[in-house]
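Take a look at the letters that make up each chain.
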Amino acid sequence: MTIYPALITDALKTVRYPGNGKSLVENNMIEDDIRIDGSHVSFSLIFDKPTDPFMRSVVRAAEAAVKAATSPDVEVAIGTKTRMAAPEKPQILPGVKNIVGISSGKGGVGKSTVAANLAVALAAKGYKVGLLDADIFGPSMPKMFGVEDETLYMVHEEGRDWIEPIKRYGVKMLSIGFMVDKEKPVLWRGGMASNALRQLISDAWWGDLDYFLIDMPPGTSDIHLTLVQTLPITGVVVVSTPQEVALADARKGIAMFTGEAVNVPILGLVENMAWFTPEEHPDERYYIFGKDGAAKLAEHQGVKLLAQIPLVMGIREHADNGAPVSVELQTAPEAANAEAKAFGTLADNVVKSVEERNSALPPTHKVETH
């Protein structure tokens with residue numbers, strides 16, 4: 001006899017699913033993959049879950065029904081599939097409220113110094129803060145926080161082991177600098193660097209944080225793509241000096257984040273090294289790199305100017321000594337110097353910008369690749 005798909009379907013109409021008494025056809029349990037090759041028949045049945053208690057009996061009943069409608073000599077092969085969706089991957093950083101990237105179009109503009117001081121200033125204001133040094137090829141946070149020789153340990157939480165961030169000045173901090181020889185360059189291909197970065201994010205016990213700051217590498221690279229593909233970044237703070245060559249690169253950085261493919265909001269610009277002030281003459285200003293360049297760029301781009309940070313030798317000295325200058329906001333807030341207070345202003349403006357962004361825009365989604 002000639003076997004055709006409709007004959008198979010009609011036979012399966014007679015098979016009832018014990019769970020509700022309806023036929024396999026009524027339950028839409030027949031996959032559209034019926035194959036007939038002479039006396040060989042194959043198809044798949046769809047169940048709601050892989051642990052369906054009636055699966056084996058239904059498969060046997062379907063096989064018997066096909067043989068009864070065709071011939072006992074017909075070879076019947078029945079596969080099974082399930083409708084149950086794959087379990088969702090656990091959310092990365094579930095206890096983090098806001099993820100803020102600190103970026104710059106080029107190196108040498110003080111991005112890491114701004115990131116370190118912003119983190120410490122936020123902690124001084126009572127926020128729970130984490131800081132990830134994502135500058136894989138030039139990690140500087142261990143030096144700035146005075147923890148170059150610290151050893152990382154594991155902590156057991158929620159049934160598994162995690163990397164425990166170093167805590168200093170009220171900030172939880174991790175850096176690839178803890179995992180490599182500080183005297184040798186990091187010679188990794190892009191894929192290796194991206195994998196290391198993902199591990200620092202997803203395999204570390206960051207806990208509950210109000211702000212998770214990411215000190216990004218300068219420029220635009222695959223590390224930036226890894227970050228936006230791994231995390232839903234709330235927004236980005238762009239750091240630049242006033243000089244035109246830095247501003248040109250800052251424009252490219254802004255374009256990268258605000259482009260349709262990435263679509264991460266810009267929280268604002270920071271003009272670093274806005275002017276030079278001798279510590280002996282705090283009222284004097286010398287515009288070594290030009291005047292108000294980042295301020296004008298912020299106005300032109302329609303974004304906030306979050307702060308203008310002066311070029312003061314004390315900022316560099318504090319960083320080199322492993323204590324960001326904004327630590328003064330924690331130890332002696334009333335007596336803090338002008339540069340520490342400038343970072344305090346930056347922290348206030350970042351908080352305000354994040355709140356405005358969250359009230360006006362939907363949450364950022366991770367960039368999906370196809």
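Look up: the structure comes first, before these words.
Procedures and definitions
- Residues numbered from 1 in each chain as written.
- Predicted model: local features only at pLDDT ≥ 70, side-chain atom pairs only at ≥ 80, totals over all residues.
- Heavy atoms only, no water.
- Salt bridge = Lys/Arg side-chain N within 4 Å of Asp/Glu carboxyl O.
- Buried < 20%, exposed > 50% of the residue type's maximum accessible area, 1.4 Å probe, protein only.
- Phe/Tyr/Trp six-rings, centres within 6.5 Å; stacked < 30°, edge-to-face > 60°.
- Helix = DSSP H or I, 4+ residues; strand = E, 2+ residues; numbered from the N terminus.
- Lys NZ or Arg CZ within 6 Å of the ring centre and 35° of its normal.
- Pairing = 2+ DSSP bridges.
- Axes fitted to C-alpha atoms, helices over the stretch in contact; angles between N-to-C directions.
- Contact = heavy atoms within 4.5 Å.
- Left-handed = near helix turned anticlockwise from the far one by under 90°.
- Nonpolar A, V, L, I, M, F, W, Y, C, P; charged D, E, K, R; others polar.

This next bit is on the pattern of salt bridges. Considering all chains together, one arrives at 12 salt bridges under this definition. Glu148 is the salt-bridge partner of Lys143, the closest N and O atoms lying 3.9 Å from each other. Assessed through its relative accessible area of 33%, Glu148 is described here as partly exposed. One salt bridge connects Arg251 with Glu244, and the closest N-O pair in it is separated by 3.2 Å.

Okay, the packing of aromatic side chains next. This structure, assessed with the given rule, holds seven aromatic pairs. On the numbers, 6.4 Å between centres and 40° between planes, the contact of Phe276 with Tyr286 is tilted. With a gap of 10 residues between them, Phe276 in strand β12 (residues 266-276) and Tyr286 in the loop between β12 and α8 (293-301) connect regions that are remote in the sequence. Judged by its relative accessible area of 42%, Tyr286 falls in the partly exposed class. Of note, Arg160 hangs over the ring of Trp162, and the distance from its end group to the ring centre comes to 3.9 Å.

Here we take up the pairing of strand β6 (residues 153-157). Across a regular strand the side chains alternate sides, sitting on one face of the sheet and then on the other. Relative to strand β7 (residues 160-164), β6 runs antiparallel, the two being bridged by five bridges. If you follow Val155 over to β7, its bridge partner there is Trp162. Where β6 folds back on β7, the antiparallel hairpin that results is connected by two residues, among which Glu158 adopts a positive phi of roughly 50°.

Overall, mixed pairing links the three strands, which are arranged β1-β2-β3 in an open sheet. Looking at the sheet topology across the chains shown, the edges are occupied by β1 (35-37) and β3 (75-82). The sheet shows a mean angle of 20° between the axes of neighbouring strands, direction not considered. Inspection of the sheet shows strand β2 (residues 40-47) paired to β3 by eight bridges, in the parallel sense. Across the sheet, residue Ser42 finds its bridge partner in β3, namely Ala77. Running over the sheet, helix α2 (residues 55-69) touches β2 and β3 and is turned about 145° from β3.

What follows is about α8. Of all the positions in α8, only Gly293, Ala294, Ala295, Leu297 and Ala298 are classed as buried. Packed against the buried residues of α8 are α7 (244-258), β12 and β13 (305-311). Looking one or two places after α8, you find Gly302, whose phi comes out positive at around 75°.

The interhelical angle for the contact between α7 and α8, taken along N-to-C directions, is 35°, at an axis separation of 11 Å. For the pair α7 and α8, the sense of crossing is right-handed. Contacts between α7 and α8 involve Leu247, Ala250, Arg251 and Ile254 from the former and Gly293, Ala294, Leu297 and Gln301 from the latter. Of the residues assigned to the contact of α7 with α8, the class counts are five nonpolar, two polar and one charged.

The strands making up a sheet associate through backbone hydrogen bonding, with each pair oriented either parallel or antiparallel. With mixed pairing, eight strands are arranged side by side in an open sheet as β8-β9-β5-β10-β4-β11-β12-β13. Here the strands that pair on one side only, and so sit at the sheet edges, are β8 (166-168) and β13. Each strand of the sheet is rotated relative to its neighbour by a mean of 25°, with strand direction disregarded. Inspection of the sheet shows strand β5 (residues 129-133) paired to strand β10 (residues 209-215) by five bridges, in the parallel sense. The residue of β10 that forms the bridge with Leu132 is Ile214. Each of β4 (96-104), β11 (235-240) and β12 is contacted by α7, which is oriented at about 170° to β11, the strand it contacts most.

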